[in-house]
Amino acid sequence: MNLTYVIPDIHGRNDLLGDGLAEIAAHSRGVPGVIVTIGDYVDKGPGSKEVVERLLPGVGEGWGLVALKGNHDAMMVEALRDPSKMAAWIAKGGDAALASYGGDPAAVPQTHIDWLDGLRLMHVDAHRLYVHAGVDPEIPLDRQSETTLLWKRYPKEFSGGFGKLHVVHGHDNFPDGPLLYDGRTNLDTLAWRTGRLTIGVFDDDRAGGPVDIIVIKGSPAVR
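Residues numbered from 1 in each chain as written. Predicted model: local features only at pLDDT ≥ 70, side-chain atom pairs only at ≥ 80, totals over all residues. Heavy atoms only, no water.

Colleague: Could you give an account of the packing of aromatic side chains, naming the residues involved and the relevant values?
Modeller: On inspection of all chains with the given rule, the structure shows four aromatic pairs. Aromatic pair Y41 and W115: ring centres 5.3 Å apart, planes at 55°, arrangement tilted. Separated by 74 residues along the polypeptide, Y41 in the loop between strand 2 (34-37) and helix 2 (48-55) and W115 in helix 5 (residues 110-117) bring together distant segments of the chain. Both residues of the pair, Y41 and W115, belong to the buried class. A ring pair is formed by Y154 and F158, whose centres lie 5.5 Å apart and whose planes are at 5°; its orientation type is stacked. Of the residues examined, F158 reaches a relative accessible area of 26% and is grouped as partly exposed. The lysine or arginine in question, K152, covers the ring of Y154, its NZ or CZ lying 4.9 Å from the ring centre. (Phe/Tyr/Trp six-rings, centres within 6.5 Å; stacked < 30°, edge-to-face > 60°. Helix = DSSP H or I, 4+ residues; strand = E, 2+ residues; numbered from the N terminus. Buried < 20%, exposed > 50% of the residue type's maximum accessible area, 1.4 Å probe, protein only. Lys NZ or Arg CZ within 6 Å of the ring centre and 35° of its normal.)

Printed below as a string of structure tokens:
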């Protein structure tokens, strides 16, 4: 079967990302597939710089990487381009991201800023829609706002997707997750703090939710 692996909110935990990529390689048994990362690479955890450096060139020969944007990635870019937004970013975990670059905003490479800024907002394949936060099920995809895609939180009881598409997202953390519904999968388990990262495995030829979950267990955050 052809598989798509989905990595949710990393938030500077390069250790979990490295272990996750290694487990994906083992799970695939040498058959490359697609890896979708659904945003929030930076802030809160200690290794934002290292996470970007690891993902920017791709994830290995034969593998397809679809890197999507998260709200924290957007906040970092905005703060680095507009000093008036720096304090708001710092208050939401940007202090940790900045520390990974040595504490100086000017030390963040332009290549990192451009990569974060240029990330896609969503990805659609035959059976699923991948996005950082969510979509409005009543609005066509080409009319979805960036605010919705990066910041939406679904009502807890909402189990739908987007039409026939199963929605795969993160953003709204649930430490004991993932949360699996008929129409959507929420993979965010607050990995930067809990040390527990859940990676969804999806069969490209089969509709619906994950066929497997890879659980990465690391150390909880010390901050």
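Colleague: I'd like a rundown of the sheet that holds strand 3 (residues 64-67), residues and numbers included.
Modeller: Taken in spatial order, the five strands of this open sheet run 3-2-1-9-10, and their pairing is mixed. Each edge of the sheet is formed by a strand with only one pairing partner; in this case those strands are strand 3 and strand 10 (212-217). Averaged over all adjacent pairs, the angle separating strand axes in this sheet is 20°, with direction ignored. Here strand 1 (residues 3-7) runs beside strand 2; their pairing, made up of four bridges, is parallel. Along strand 2, the bridge assignment pairs I7 with T37. (Pairing = 2+ DSSP bridges. Axes fitted to C-alpha atoms, helices over the stretch in contact; angles between N-to-C directions.)

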